[in-house]
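# Per-entry structural report
Given next are the chains, with one letter for each unit.
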Amino acid sequence: MYKTRIAGVGSYIPEGRLTNHDLEQMVETSDDWIVTRTGISARSIAAPDQYTSDLAFLAAQRALADAGLTAEDLDMILVGTETPDHPFPSVACQLQHRLGCRAISAVDLHVTCVGFLSALETADAFIRSGKCRHILVVGADNLSRITDYTDRTTCILFSDGAGAFVVSQTADPSHPGILHTATHANGEHYFSLYQERGGSIKMDGRKIFKLAVTAMTETTKQTLEATGKTIADIDWLIPHQANQRIIDAVAEHCEVPNEKVISTIKYLGNNSSATIPIAFDLARQDGRIKRGDTLLLTAFGGGLVWGSALLQF
Ligand code: UT7
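Here the residue numbers are simple positions, counted from 1 along each chain's written sequence. In keeping with the model being predicted, local features are shown solely for residues with a pLDDT of at least 70 and side-chain atom pairs are shown and tallied solely at 80 or more, while totals for entire chains, interfaces and linings include all residues. To obtain the side-chain values, all non-hydrogen atoms of the structure were used and water was disregarded.

A fitted line through C-alpha atoms serves as each axis, taken over the contacting stretch for helices, and the angle formed by two N-to-C directions is quoted from 0 to 180°. Under the DSSP-based scheme used, a helix requires at least four consecutive residues in state H or I and a strand at least two consecutive residues in state E, with every element numbered from the N terminus. As a packed pair, helix 6 (residues 205-227) and helix 7 (residues 244-253) sit with axes 9 Å apart at the nearest point and diverge in direction by 35 degrees. At the point where helix 6 passes helix 7, the crossing takes the right-handed sense. Packed against helix 6, whose contacting residues are Phe209, Ala212, Val213, Met216, Thr217 and Lys221, the element helix 7 presents Arg245, Ile246, Ala249, Val250 and His253 at the interface. Under the convention adopted here, Pro, Cys and the residues Ala, Val, Leu, Ile, Met, Phe, Trp and Tyr are nonpolar, Asp, Glu, Lys and Arg are charged, and Gly plus all remaining residues are polar. Taken together, the residues of the contact of helix 6 with helix 7 sort by class into seven nonpolar, two polar and two charged. Should the near helix be turned anticlockwise from the far one by less than a right angle, the crossing is termed left-handed; should it be turned clockwise, right-handed. Note on definitions: a residue-residue contact is assigned when non-hydrogen atoms from the two residues lie within 4.5 Å.

This is the structure in structure tokens:
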């Protein structure tokens, strides 16, 4: 029986910064309002000539190096993104070529902010089936490209970035790796958060806020139940970084103490499918996440889609 272990992690955060003070010059808002309502002070923003594939490529290279593998070892590339460089072909195809992979399967998954978790769930299934040994799983988005910087209800939230895992097959029973994944969709709320054709993000913020808290709380509790774990078994909760108040509410409903919750939103904002792998990589780099730790990941996004994963690193 094969299992999926996280062999390597990497991320790339573009250097550009958009602060609350910058936004005060662009729309009618204030640093105080944004910090109080969202917890965000600054956002990472890609340079004009940096596309999603550029961010994804750098994150992927770092994850491969961390795993001690080369592009030739990969059997599949999965990229969660809602902002591919072009409607087609895929970002995954660009990575296949730029990384120098064999002519392997390369697929983008358009699952909004749950893109990374959906890609991870798919990778886990391919690895458990024995079909693949090493898969590159990327979450990458350039939300600044589809943000309306005259709309103060959305432009305060969004940002750019990429994060990646390399996941590998293991038959070692002491390496449980990915223990559980679950993703869900409900199209009833399709127009509560969507991109206008060829345009920018439209959102019913209040409605999405409530749906997000309910969905992430439910999926987190279900995942604990499915694996027979309790919060005491969890070292870290990494929720999708949409709003600090959403993160706090989910942690409170699930009774996760604040010190176990990883949050990057203050300095990075919401870069969609990249938030979870970036938060994972940063907390690993600063020494909080260690090998052997048990993590719960949870996300939601436009669709509505939501899901979670429980893994031992
Ligand atoms: O990855 C998923 C993406 N989306 C999300 O997760 C978003 C979820 N929703 C949210 O994060 C929050 O709903 C927002 C941050 C978008 C808004 O916060 P809120 O506490 O739900 O505020 P609200 O929409 O209830 O608006 C309260 C007031 C309104 O004024 P009135 O009607 O009370 O006079 C807004 O017009 O705040 C006003 N407002 C602002 N004021 C200053 C809305 N945006 C701003 C702003 N600056 N940027």
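What follows deals with the sheet that holds strand 7 (residues 160-170). Only strands that DSSP links by at least two bridges are regarded as paired with each other. Spatially, five strands are ordered 1-7-6-4-5 in an open sheet, and the strand pairing comes out mixed. Edge strands, defined here as strands with exactly one partner in the open sheet, are strand 1 (3-12) and strand 5 (105-109). Adjacent strand axes in the sheet meet at a mean angle of 20 degrees when their direction is disregarded. Pairing of strand 4 (residues 76-80) with strand 5 involves five bridges; the strand directions are parallel. Its bridge partner lying in strand 5, leucine 78 is registered against valine 107. In this fold helix 3 (residues 52-67) packs onto strand 1, strand 6 (134-142) and strand 7, with an angle of close to 125 degrees to the strand it touches most, strand 1.

Boundary definitions for the domains trace back to an automatic or database domain assignment. Looking at the assigned domains, one finds that the protein contains domain 1 (3-170) and domain 2 (178-312). Taken over C-alpha atoms, the centre of domain 1 sits 15 Å from the centre of domain 2. When two components associate, each loses some accessible surface as probed by a 1.4 Å sphere; the sum of these losses over both components is called the buried area. Both faces considered, domain 1 and domain 2 share a buried interface measuring about 3800 Å² in area, 60% of it formed by carbon and sulfur atoms. The largest contributions to the domain 1 side of the interface with domain 2 come from Cys113, Leu117 and Ile146, which together make up 16% of the buried area. Any carboxyl oxygen of Asp or Glu within 4 Å of a side-chain nitrogen of Lys or Arg constitutes a salt bridge here. Between the two partners, domain 1 and domain 2, sit one salt bridge. Residue aspartate 66 is joined to arginine 284 by a salt bridge in which the shortest nitrogen-to-oxygen separation is 2.9 Å. Polar contacts, as used here, are pairs of N or O atoms within 3.5 Å; protein pairs need one atom able to donate a hydrogen and one able to accept it. Residues neighboring in sequence count only if both atoms are side-chain atoms. In this structure, the connection of domain 1 to domain 2 is made through 29 residue pairs in polar contact (both at pLDDT 80 or more). Partitioning the side of domain 1 that touches domain 2 into residue classes produces 21 nonpolar, 21 polar and 12 charged.

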